[in-house]
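Notes for the structure review
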Amino acid sequence: EHRRVAVLFLDICSFTKLSENLPPEAVGALLNDFFSLAVQVIYKHNGMVDKFIGDAVMAVFGLTTPRYRVSVDAVDAALDLQLASQQLMRKWEKEGRTTFRVRIGINTGEVIAGNIGSQDRMDYTGIGDTVNVASRMVDQAAPNEVVVSGSTYFNCKNYFHTVFKRSAQVKNREAPVDCHAVTNKRMEAFHHDDRFYASSTLYEIELLGSNTQQQQK
């Protein structure tokens, strides 16, 4: 079926270099701890984790919510993902654990949503140009940054402060895509729109990472 959604890609910066200095067990535990937190944030904002791709996460917003929420939920989740990951990294640094930064890209548009795969294995996912552009948006983001396409910006500009970065040429696309960096929420917009609520990020992250520490002892 055709659905209008926002697709979010989260990528761990320089993860290949980072993982070269860790044993495979530590890399796996680190990813599991971080992804556990990321999934909590995504679900909190009505998103669905589509897949994990190595050190990256693809999430889709709008499969189960009204169209007006799609872009706002995705960008709101992205800011909370950055905040939650930075909180977690500060905790890990105090514990002497390996830390990293993440970058996030978002695009809004039409996808074909449904069960895709083979007779032996089918996964519910979204496919189309919207997903391709979202995966390229994350390449335009700096560490600790959220970058959205022009279509996402247009749909949620009243709810977030943004800065125009550039028009980027995207692979397999003739026309360039506008890239906007999101800085923070317009809290007054959330307070004055009954359809949304101004959420705060209060995640219980103090227990995350205990598994890796125990394995390293």
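Because the structure is a prediction, the values reported are computed rather than measured. Per chain, residues are indexed from 1 in the order of the written sequence. Residues qualify for local features only when their pLDDT is at least 70, as the model is predicted, and side-chain atom pairs are given and counted only at 80 or more; totals for whole chains, interfaces and linings, by contrast, use all residues. By convention in this description, side-chain values take in all heavy atoms of the structure and omit both hydrogens and water.

1. Details of the nonpolar core
Of all hydrophobic cores here, the largest spans 46 residues; its most connected members are Leu8, Phe34, Phe100, Ile106 and Phe160. At the level of elements, strand S1 (2–12), helix H1 (15–20), helix H2 (24–44), strand S3 (56–61), helix H3 (70–94), strand S4 (102–117), strand S6 (146–149) and helix H6 (187–191) are the ones that each hand at least two residues to this core. Here a helix means four or more residues in a row that DSSP labels H or I, a strand means two or more in a row labelled E, and each is numbered from the N terminus. Among the elements that take part in this core, H3 stands out by supplying 12 residues, more than any other. Here, two residues are considered to be in contact whenever any of their heavy atoms come within 4.5 Å of each other. Dropping the residues within four chain positions of it, leucine 8 is found in contact with Val57, Met58, Ala59, Phe61, Ala74, Ala78, Leu81, Ile104, Gly105 and Ile106. The definition of a nonpolar core used throughout is a set of buried Ala, Val, Leu, Ile, Met, Phe, Trp, Tyr and Cys residues joined through side-chain atoms within 4.5 Å. Three exposure classes are used, based on accessible area relative to the maximum for each residue type with a 1.4 Å probe and protein chains only: buried under 20%, partly exposed in between, and exposed over 50%.

2. A look at the confidence of the model for the chain
A score from 0 to 100, pLDDT tells how confident the predictor is in each residue. Overall, the predicted model of the chain reaches an average pLDDT of 84, with 81% of residues at or above 70. Of all helices and strands in the chain, the one with the weakest mean pLDDT is helix H7 (residues 210–216) (43), whereas S6 scores best (97). Low pLDDT, under 50, characterises residues 198–217; the predicted model gives this stretch 49 contacts beyond four residues in sequence or across chains.

3. Some details on unusual backbone geometry
Glycine aside, a negative phi is what most residues show, and trans is what most peptide bonds show. Despite not being glycine, asparagine 46 has its phi angle at roughly 70°, a positive value. Relative to the elements of secondary structure, asparagine 46 occurs in the loop between H2 and strand S2 (47–53). A relative accessible area of 31% means that asparagine 46 is categorised as partly exposed. One non-glycine residue, asparagine 144, lies in positive phi territory at about 65°. In this structure, asparagine 144 sits in the loop between helix H4 (129–137) and S6.

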